[in-house]
Amino acid sequence: MEIYENENDQVDAIKRFFAENGKALAVGVVLGIGALIGWRYWTSHQADSARTISQAYENAVAGLSAGKPESLTAAEKFAADNKNTYGALASLELAQQYVEKGELDKAAAQLQQGLAATKDENLKSMINVRLARIQVQQKQHDAALKTLDAVKAESWSAIVADLRGEALLSKGDKQGARTAWENGIKNNASPALSEMMQMKINNLSI
């Protein structure tokens, strides 16, 4: 460490430091300010974009419940154009509309599109459960079982077990169905779901 004999030596040392490093310090300050401004602009832009897409999502699905053909077309376009969580949510809404119309193939296609659009694991679990339910209805047993294997969230375990039992029973695998439902009852299923799975188990003995 450099030792200074008096205040004048300290002042001279400071002057030398800035003379030698002033340009670098100035550049550093400018870069720091630029980065801060850039960061604030980016976060502001992100917030504006999120608000814009959220509003676009609301507009796209608002008319679906009214059953207007133009609303269905608008929602389909939104879902196809937005490869993100909002697009996946729109696909979920559209799938529900198609299920109510009895158009299960279109519903399944929307759910597949939703799966590809989002990275959110909780949302993927929900979509996979709904897709598996449709596949069970369509007698696509193996496809349903594969879809259920993709649901990793523990919170869905009882519902997954119930659907797995349905798929296995449709395949003629009564023992597999029994095991699935027994596991579902053990996996903290709601009282109503537990009762329903127990009834299904009881019916296997008839």
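Colleague: Explain the pattern of salt bridges here, please?
Modeller: When the charged atoms of two side chains with opposite charge come close together, those side chains can pair. In total, this model carries six salt bridges according to the counting rule given. Where Glu103 meets Lys106, a salt bridge forms, and the shortest distance between an N and an O atom there is 3.2 Å. Using a relative accessible area of 30% as the deciding quantity, one classes Glu103 as partly exposed. For Lys106, a relative accessible area of 44% corresponds to the partly exposed category.

Colleague: Explain the confidence of the model for the protein to me, please; I cannot follow it from the model alone.
Modeller: Confidence in the prediction of the protein, expressed as mean pLDDT, is 81, and 74% of residues score 70 or more. The least confident element of the protein, judged by mean pLDDT, is helix 1 (residues 7-62) at 60; the most confident is helix 6 (residues 141-149) at 96. The low-confidence segment residues 1-7, where pLDDT is below 50, has four contacts with residues more than four positions distant or belonging to other chains.

Colleague: Looking at this structure, how should I read the environment of His141?
Modeller: Mapped onto the elements, His141 comes out in helix 6. Spatially, the C-alpha atom of His141 lies 5.1 Å from that of Ala167, the residues being 26 residues apart in sequence. Ignoring anything within four residues of it in the chain, the contact list for His141 reads Ala167, Ser170 and Lys171.

Colleague: Would you mind showing me how to read helix 4 (residues 104-117) here?
Modeller: Along an α-helix, residues three or four positions apart point the same way, because every turn accommodates 3.6 residues. When the terminal C-alpha atoms of helix 4 are compared, their 20 Å separation across 14 residues agrees well with the 20 Å that a helix rising 1.5 Å per residue should span. Of the positions making up helix 4, those classed as buried are Leu104, Ala107, Ala108, Gln110, Leu111, Gly114, Leu115 and Ala117. Residues of helix 4 that are buried make contact with helix 2 (69-81), helix 3 (85-101) and helix 5 (121-137).

Colleague: When you look at the nonpolar core in this model, what are you seeing that I'm missing?
Modeller: In terms of nonpolar packing, the biggest core is built from 25 residues, with Leu64, Phe78, Ala90, Leu94, Leu111, Ile127 and Ile134 touching the most fellow members. Secondary structure elements with two or more residues in this core: helix 1, helix 2, helix 3, helix 4 and helix 5. If we skip the residues at most four places from it in the chain, Phe78 touches Ile53, Ala56, Tyr57, Ala60, Tyr86, Gly87 and Ala90. Listed in part, the 14 residues of the second largest apolar core include Ala144, Trp181, Met197 and Ile201.

Colleague: What exactly am I supposed to notice about the packing of helix 5 against helix 6 here?
Modeller: Each pair of packed helices can be described by the angle between their axes along with the distance between the axes. Helix 6 packs onto helix 5 with a crossing angle of 165 degrees between their chain directions and a minimal axis gap of 8 Å. Relative to helix 6, helix 5 is oriented roughly antiparallel. In this structure, the crossing between helix 5 and helix 6 has a hand that is left-handed. In this structure, helix 5 contributes Asn128, Leu131, Ala132, Gln135 and Val136 to the contact, and helix 6 contributes Ala143, Ala144, Thr147 and Leu148. Among the residues forming the contact of helix 5 with helix 6, the class breakdown is six nonpolar, three polar and no charged.

Criteria and thresholds
Residues numbered from 1 in each chain as written. Predicted model: local features only at pLDDT ≥ 70, side-chain atom pairs only at ≥ 80, totals over all residues. Heavy atoms only, no water. Salt bridge = Lys/Arg side-chain N within 4 Å of Asp/Glu carboxyl O. Buried < 20%, exposed > 50% of the residue type's maximum accessible area, 1.4 Å probe, protein only. pLDDT = per-residue confidence, 0-100. Helix = DSSP H or I, 4+ residues; strand = E, 2+ residues; numbered from the N terminus. Contact = heavy atoms within 4.5 Å. Expected span 1.5 Å × (residues − 1). Core = buried A, V, L, I, M, F, W, Y, C linked by side-chain atoms within 4.5 Å. Axes fitted to C-alpha atoms, helices over the stretch in contact; angles between N-to-C directions. Parallel < 35°, antiparallel > 145°, perpendicular 65-115°, else oblique. Left-handed = near helix turned anticlockwise from the far one by under 90°. Nonpolar A, V, L, I, M, F, W, Y, C, P; charged D, E, K, R; others polar.

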